[in-house]
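# A look at the structure
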Amino acid sequence: MRSLKTLTAIGAICAALLVPLGTASADSLSDIMAAKKIRVATDLAIPPSGMLDEALKPVGSDVETAQLLAKDWGLELEIVTTTGATRIPNLQTNKADIVISTLSVTPKRAEVIDFSKPYAALRSVIGAPKDSAIKGWDDIKGQTVTVTRGTTQDTELTEMAAERGFTVTRYDDDATMVTAAVSGQAKMVATSATLVNEIGKRNTDLAFEPKFDIRIFDLAIGIRKNEPELKAKLDEWVSANLKNGKLNDIYLKYHGSPLPPEMLK
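Residues numbered from 1 in each chain as written. Predicted model: local features only at pLDDT ≥ 70, side-chain atom pairs only at ≥ 80, totals over all residues. Heavy atoms only, no water.

This paragraph deals with the environment of I98. By secondary structure assignment, the location of I98 is in strand β5 (residues 98-99). Residue I98 is classed as buried on the basis of its relative accessible area, which comes to 0%. Counting along the chain gives 29 residues from I98 to G127, while the straight-line C-alpha distance between them is 30 Å. Apart from the residues lying within four places of it in its own chain, the contact partners of I98 are I38, R39, V40, A41, L69, L91, I221, G222, L230 and L234. (Helix = DSSP H or I, 4+ residues; strand = E, 2+ residues; numbered from the N terminus. Buried < 20%, exposed > 50% of the residue type's maximum accessible area, 1.4 Å probe, protein only. Contact = heavy atoms within 4.5 Å.)

Structure follows, in C-alpha cells:
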C-alpha cells in the first residue's frame, strides 16, 4: 500500500497538471531583450508593404516599420519571411516573436492572438480592369473573385459568396495573385486598394483599379496570447511614433497617402 506521503505527492502533481494552460503568463519580452534580437514575421511579396529591391534587400512600409521598432529598442532585426496564410502559424509556433505584415484586426483572429494598438490602416476593395462596369455587390453575381488564401478578404468573401452568388478562387500568396491579375487570368480581385493600384501599374492596358470598398481595417502588430508586458511596450511604441509622425511618414512614403486623421490624434 502506498504511504500517505506518496499519495499526497501524487495528488499535488495531478492538481498542478489540471491548471488551465491559458492562465499562465508566458511573456517573451524579457527573452527578446536578453537575445538582443527581435524576429518579425513579414510577407515580402505584397508591395509596397513588403518586397525585395533589386539587390534582394527587404523593403516596404511593414519592413521599415519593423526596422524602426528594432532601432528604437536597440535590437537586431530578423525578418521571418511569411505569407498571408502563415503569419499567425509562424507566431503560434514561435518561429517569430511578433507579426508586422498587413495584419488586420478581426474578431476571429483576436480569438487566437492579441494585437497591439493599430499602427496603420488597410482599405479592402474589389478591384477590376478600368473598363469593367462593376460598381457594387450586385454587379459581381455569377462572376469569380480572386483572393489570397488566409487573408481577411478570403474569410469575408467566402462567408458571403453563396448568398451574393459569386465564386471565390484562391492563390497561396499575393505575388501569385498579382501575376494572375496582371496576365488577365484573374478578372477580379479582392485585396487592398494599394495592391490593386500596383496591379494597374504593371499592366496599363487592363488598368486595374478599386471598384468599391469592402471595408477599412485597422492594421496592428500580432502578438501571442498572454504577453501583457510585450503588448504594453508595443502599444507605448506605436502611440509615440504615431504622435511624432514617424509611422505616418513611412505609410505616406510607400502608399502615397497619409494615415487616417483619427489615428494620429
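Having put the structure on the table, let's press on.
Another aspect to go through is the packing of aromatic side chains. All chains considered together, the criterion is met by two aromatic pairs. A ring pair is formed by W137 and F212, whose centres lie 5.0 Å apart and whose planes are at 75 degrees; its orientation type is edge-to-face. With W137 in the loop between β7 (120-129) and β8 (144-148) and F212 in strand β11 (residues 208-219), this residue pair connects regions lying 75 residues apart in the sequence. In this structure, W137 and F212 share a single accessibility class: buried. A connected cluster of aromatic rings, assembled from ring pairs, spans W137, F166 and F212. Cation over ring: K233 sits above W73, and NZ or CZ is 5.1 Å from the ring centre. (Phe/Tyr/Trp six-rings, centres within 6.5 Å; stacked < 30°, edge-to-face > 60°. Lys NZ or Arg CZ within 6 Å of the ring centre and 35° of its normal.)

This brings us to the side chain of T152. For T152, the position within the fold is in helix α6 (residues 152-164). Apart from the residues lying within four places of it in its own chain, the contact partners of T152 are S104, T106, R109 and F217.

Another point: the nonpolar core. One finds I38, W73 and I98 to be the most contacted residues of the largest nonpolar core, which totals 31 residues. Taken together, the elements giving at least two residues each to this core come down to α2 (29-35), β1 (37-43), α3 (61-73), β7, β11, α9 (228-243) and α10 (246-255). In terms of nonpolar packing, the next biggest core, distinct from the first, is built from 16 residues, I140, V145, A161 and V168 among them. (Core = buried A, V, L, I, M, F, W, Y, C linked by side-chain atoms within 4.5 Å.)

At a minimum axis distance of 9 Å, the contact between α3 and α10 shows a crossing angle of 155 degrees. One element, α3, and the other, α10, form an angle in the roughly antiparallel class. Relative to α10, α3 is oriented so that their crossing is right-handed. Touching S61, E64, T65 and L68 of α3 are K246, L247, I250, K253, Y254 and H255, all from α10. Along the lines of polarity and charge, the residues of the contact of α3 with α10 split into four nonpolar, three polar and three charged. (Axes fitted to C-alpha atoms, helices over the stretch in contact; angles between N-to-C directions. Parallel < 35°, antiparallel > 145°, perpendicular 65-115°, else oblique. Left-handed = near helix turned anticlockwise from the far one by under 90°. Nonpolar A, V, L, I, M, F, W, Y, C, P; charged D, E, K, R; others polar.)

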